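If you want the building blocks of each chain, they are given just below.
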Amino acid sequence: GKMENIIIATITVLIPSLTTVFTNRATKIENRKHNAKQSIFQLILEDHVRVSEHRLPENYQQVCTEYDTYTKNGGNSYVKKKVEEYYNWYDKIKKD
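Residues numbered from 1 in each chain as written. Predicted model: local features only at pLDDT ≥ 70, side-chain atom pairs only at ≥ 80, totals over all residues. Heavy atoms only, no water.

S.K.: Honestly, helix α1 (residues 2–52) in this entry has me stumped. Any pointers?
M.R.: Along an α-helix, a turn takes 3.6 residues, which lines up residues three or four apart on a common side. A rise of 1.5 Å per residue sets the reference length of α1, with its 51 residues, at 75 Å; its end C-alpha atoms lie 75 Å apart and thus fit the reference within 8%. All of the buried residues in α1 are K33, A36, I40, L43, I44, D47 and R50. Where α1 is buried, its residues contact α2 (60–72) and α3 (77–95). (Helix = DSSP H or I, 4+ residues; strand = E, 2+ residues; numbered from the N terminus. Expected span 1.5 Å × (residues − 1). Buried < 20%, exposed > 50% of the residue type's maximum accessible area, 1.4 Å probe, protein only. Contact = heavy atoms within 4.5 Å.)

Next up, the structure:
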């Protein structure tokens, strides 16, 4: 009857809408993670170049911030390893 048609129509409209919402959300998270990862590598590279030019690294705080964003959005251990290497390197530079 009429009620059945309304239910079917509602489901037909809702399912794709919900799918779009969840897909967009997943894409946004993936994009945030990807952007943070790119930033982290760029910032670390810039600091290594600075030090090679006998200047001080400047990106430590920004690396921390980007790393927080990266992990909040489901980041993996490869970047964690690189960031830890950077932190150790940075501490050594600061001591010298």
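S.K.: What is the right way to read the packing of aromatic side chains from this model?
M.R.: The description of two aromatic rings rests on the distance between their centres and on the angle between their planes. If you walk through the whole model with that rule in mind, you get 8 aromatic pairs. Here the aromatic rings of Y60 and Y90 are separated by 4.3 Å at their centres, their planes lie at 25 degrees, and the arrangement is stacked. Here the residue Y60 occupies a position in helix α2, and Y90 occupies one in helix α3, the gap between them amounting to 30 residues. Measuring from centroid to centroid gives 6.1 Å for Y86 and Y90, while their planes differ by 35 degrees, and the two rings are tilted. With Y86 and Y90 both in helix α3 and 4 residues apart, this pair spans about one turn of that helix. Judged by relative accessible area, Y90 falls into the buried class, the value being 14%. Through pairs of rings, three or more aromatic residues link up here, namely Y60, Y86, Y87, W89 and Y90. (Phe/Tyr/Trp six-rings, centres within 6.5 Å; stacked < 30°, edge-to-face > 60°.)

S.K.: Sorry, what's going on with the side chain of D47 here?
M.R.: Considering the arrangement of structural elements, one finds D47 in helix α1. Only 3.0 Å separates the side chain of D47 from the backbone nitrogen of N59, close enough to count as a polar contact. Here Y86 takes part through its side chain, which lies 2.4 Å from a polar atom of the side chain of D47. (Polar contact = N/O pair within 3.5 Å; in protein donor to acceptor, adjacent residues only side chain to side chain.)

S.K.: Please clarify how the pattern of salt bridges should be interpreted in this entry.
M.R.: Proximity of charged atoms lets side chains of opposite charge pair with each other. Taken as a whole, this structure holds 6 salt bridges when the rule is applied. Among the salt bridges present, the one from K33 reaches E30, with a minimum N-O distance of 3.5 Å. Residue K33 and its partner E30 are both found in helix α1; the two are separated by 3 residues, about one turn of the helix. Using a relative accessible area of 44% as the deciding quantity, one classes E30 as partly exposed. Ionic pairing is found between K82 and E85, a salt bridge with its closest N-O pair at 3.4 Å. In this pair, K82 and E85 are both assigned in helix α3, 3 residues apart and thus about one turn of the helix distant. Here K82 falls in the partly exposed class, since its relative accessible area comes to 26%. A single salt-bridge network, built from bridges that share partners, covers D47, R50 and E58. (Salt bridge = Lys/Arg side-chain N within 4 Å of Asp/Glu carboxyl O.)

S.K.: How should I be thinking about the packing of α1 against α2 in this particular structure?
M.R.: Between two packed helices, what matters for the description is the angle formed by their axes and the separation of those axes. Closest axis-to-axis distance for the α1/α2 pair is 8 Å, and the angle between their directions is 160 degrees. Here α1 lies roughly antiparallel to α2, going by the angle between them. In the packing of α1 onto α2, the handedness of the crossing is left-handed. Together, R32, K33, A36, K37, S39, I40, L43, I44 and D47 of α1 and Y60, Q62, V63, E66, Y67, T69 and Y70 of α2 make up the contact between the two elements. Taken together, the residues of the contact of α1 with α2 sort by class into 8 nonpolar, 3 polar and 5 charged. (Axes fitted to C-alpha atoms, helices over the stretch in contact; angles between N-to-C directions. Parallel < 35°, antiparallel > 145°, perpendicular 65-115°, else oblique. Left-handed = near helix turned anticlockwise from the far one by under 90°. Nonpolar A, V, L, I, M, F, W, Y, C, P; charged D, E, K, R; others polar.)

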